[in-house]
Amino acid sequence: MTLIPLILSGGAGTRLWPLSWGDHPKQFLKLTSEKTMIQKTLLRLKGIDIEAPIISCGESHRFLVAQQIGEVCDEQPTICLEPMPKNTAPAIAAACCAAIHRNPDAIVVVLPSDHVIADVSAFQKAVLTAAKQAEQGYLVTFGIVPTFPATGYGYVKASGTESEGAYTLEKFVEKPCLEKAQEYLDSGEYSWNSGMFVFKAATFLEELKKYNSEMAELSIQAFEKANKSDSDFIRLDAESFGKIKGDSIDYAVMEKTKLGKIVKLDAGWDDVGSWSALYDISNKDENKNAVHGDVIILNTKNSYIRGGTRTIATIGLDNVVIVDSDDSLLIAKMDEIQDVKKIAEEMKKRGE
């Protein structure tokens, strides 16, 4: 059994402005190590028998993807270029066509390009468990074992008893209020929705045809009519792809399928959706500061400070986020950092 990594790299990552912005969203940044996040996504599969990856991304990121994946991948990747963003389901469907073109029985491991997983060994074990379920015709998602009553994640509910390392997928639920999140945590039946999947590419397309035939047919057309004259890229047909009503894989397939399975994953997962999340997983000094770059701190605590090309100096600060980039500077209270997305939206309106 050989697996094909299917890496989704279409996100904008605006909640990590000013570093994640425009043509350099967070998956292409070295936020947690000397490798970028998309590189680490692929590297954490090293040691498993995998084929060359399939990457789904936008036209503007094609050279970054080719460069960064080329630095860590010995084989030529397949890079599918989306003409416009249509959410995850069409992107996955078109990429599954590319996988089937390579191998009709292909099993794909669908991974967002911007997650952090601390325990690679546990992750690989879960992938192999999920792949065995996929061989049997199931669509498998990873349920992250929750460590606190998170209100920022969606949840998946498992039912029945564990069989061959997997549970029956009963349902998806939206981001809950704190009281409901605590109920989910206490029950032991719910996991965080990871957005990662393993299934046969052909099985996914069959289920998509069952529940959204128009999306399936247009996604297949987009691949079949794609411009494949450039050996480095597959340019999906813009006319076909443009007719698709975008939707997520959860809504389009996973919430409806009767073939869903959950493999629970306890591997130090984080989707690094904000600067406060990055602070949480960072190493900290004795004053609980996470500091990166050329930074001088005096009487400062509980803060995330990331320098750029110039020195940052702080005096008497508590619970703040400071991030310096080549052309912008962010200074915010840690507990209000979620509003940075509004700043990014304002910058977009200005055309900056």
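What counts as what
Residues numbered from 1 in each chain as written. Predicted model: local features only at pLDDT ≥ 70, side-chain atom pairs only at ≥ 80, totals over all residues. Heavy atoms only, no water. Helix = DSSP H or I, 4+ residues; strand = E, 2+ residues; numbered from the N terminus. Rg over C-alpha atoms; globule rule 2.2 N^0.38 Å. Contact = heavy atoms within 4.5 Å. Areas by Shrake-Rupley, 256 points an atom, 1.4 Å probe, with all protein chains shown as cover. Lys, Arg positive; Asp, Glu negative; His and termini not counted. Charge placed at Lys NZ, Arg CZ, Asp CG, Glu CD. Phe/Tyr/Trp six-rings, centres within 6.5 Å; stacked < 30°, edge-to-face > 60°. Buried < 20%, exposed > 50% of the residue type's maximum accessible area, 1.4 Å probe, protein only. Pairing = 2+ DSSP bridges. Axes fitted to C-alpha atoms, helices over the stretch in contact; angles between N-to-C directions. Parallel < 35°, antiparallel > 145°, perpendicular 65-115°, else oblique. Left-handed = near helix turned anticlockwise from the far one by under 90°. Polar contact = N/O pair within 3.5 Å; in protein donor to acceptor, adjacent residues only side chain to side chain. Disulfide = S-S within 2.5 Å.

Asks: Help me understand the overall build of the protein chain in this model?
Replies: Along its length, the protein chain carries eleven helices and 18 strands. Its C-alpha radius of gyration of 21 Å places the protein chain within 12% of the 20 Å reference for a compact globule of 352 residues. For the protein chain, the spread of C-alpha atoms along the three principal axes comes to 60 × 50 × 40 Å. Considering only contacts in the protein chain between residues 6 or more positions apart, those separated by 24 or more positions represent 68%. Split by element, the accessible area of the protein chain, about 16400 Å² in all, is 47% carbon and sulfur. Within the protein chain, one finds 39 positive and 50 negative side-chain charges whose respective centroids are separated by 2 Å.

Asks: How should I be thinking about the packing of aromatic side chains in this particular structure?
Replies: For any pair of aromatic rings, the description rests on two quantities: the centre-to-centre distance and the angle between the ring planes. Enumeration according to the criterion identifies eleven aromatic pairs in this entry. Summarising the aromatic geometry, the rings of Trp192 and Trp269 are spaced 6.4 Å apart at their centres and angled 50 degrees between planes, so their arrangement reads as tilted. Residue Trp192 is located in strand β9 (residues 190-200), and its partner Trp269 is located in strand β12 (residues 269-270); the two are separated by 77 residues in the primary sequence. In this structure Trp192 comes out as buried when scored by relative accessible area, which is 3%. Taking the relative accessible area as the measure of exposure, Trp269 reaches 8% and is therefore buried. Here the aromatic rings of Trp275 and Tyr304 are separated by 5.5 Å at their centres, their planes lie at 35 degrees, and the arrangement is tilted. In this pair, Trp275 sits in helix α10 (residues 275-281) while Tyr304 sits in strand β15 (residues 304-306), placing the two residues 29 residues apart along the sequence. Residue classification places Trp275 among the buried positions, given a relative accessible area of 0%.

Asks: Mind showing me how you'd approach helix α6 (residues 201-211) here?
Replies: Because an α-helix packs 3.6 residues into every turn, residues spaced three or four apart end up facing the same way. Where α6 is concerned, the buried positions are Ala201, Thr203, Phe204, Leu205, Glu207 and Leu208. Check the buried side of α6 and you find it contacts α3 (88-102), β4 (107-112), β6 (139-144), β9, α7 (213-224) and α9 (249-254).

Asks: What exactly am I supposed to notice about the sheet that holds strand β13 (residues 290-292) here?
Replies: Note: strands within a sheet are paired through backbone hydrogen bonds, in either parallel or antiparallel orientation. Ordered by their spatial adjacency, four strands build an open sheet running β13-β15-β17-β18, and the pairing between neighbours is mixed. With one partner strand each, in any of the chains shown, β13 and β18 (329-333) form the two edges of the open sheet. Taking each pair of neighbouring strands and ignoring which way they run, the sheet shows an average axis angle of 5 degrees. Relative to strand β17 (residues 320-324), β15 is paired through three bridges, and the arrangement is parallel.

Asks: Got a minute to help me understand the packing of α3 against α6 in this structure?
Replies: When two helices pack together, their arrangement is given by the angle between the helix axes and the distance between those axes. The N-to-C vectors of α3 and α6 enclose an angle of 135 degrees; their axes lie 9 Å apart at closest approach. Of the possible angle classes, the one that applies to α3 and α6 is oblique. The chirality of how α3 crosses α6 is left-handed. Along the contact surface, α3 presents Ala89, Ile92, Ala93, Cys96, Cys97, Ala99 and Ile100, while α6 presents Ala201, Ala202, Phe204, Leu205 and Leu208.

Asks: Looking at this structure, I do not really get the side chain of Ser113. What am I missing?
Replies: Inspection of the secondary structure assignment puts Ser113 in the loop between β4 and β5 (116-117). Of the polar contacts made by the side chain of Ser113, one reaches the backbone oxygen of Leu8; its length is 2.9 Å. Ignoring any residue separated from it by four or fewer positions in sequence, one finds Ser113 in contact with Ile7, Leu8, Ser9, Gln27, Met37, Ile38 and Thr41.

Asks: Sorry, what's going on with unusual backbone geometry here?
Replies: Among all residues save glycine, negative phi is the norm, and among peptide bonds the norm is trans. Across the junction of Trp17 and Pro18, the peptide omega takes the value 15 degrees, indicating a cis bond. Tracing the sequence through the fold places Pro18 in the loop between β1 (3-9) and α1 (37-43). Positive phi values are uncommon outside glycine, yet Glu164 reaches one of about 55 degrees. Position of Glu164 among the secondary structure elements: in the loop between β7 (155-163) and β8 (166-173). On the accessibility criterion, Glu164 (57% relative accessible area) is exposed. Here the phi dihedral of Asn302 falls at roughly 55 degrees; this positive angle occurs in a residue that is not glycine. Mapping Asn302 onto the fold places it in the loop between β14 (295-298) and β15.

Asks: What is the right way to look at the state of the cysteines in this model?
Replies: What makes a disulfide is a covalent bond joining the sulfur atoms belonging to two cysteines. As enumerated under the stated definition, the model contains zero disulfides in all. Free cysteine: Cys80, not disulfide-bonded; nearest cysteine sulfur from Cys57 at 8.7 Å.

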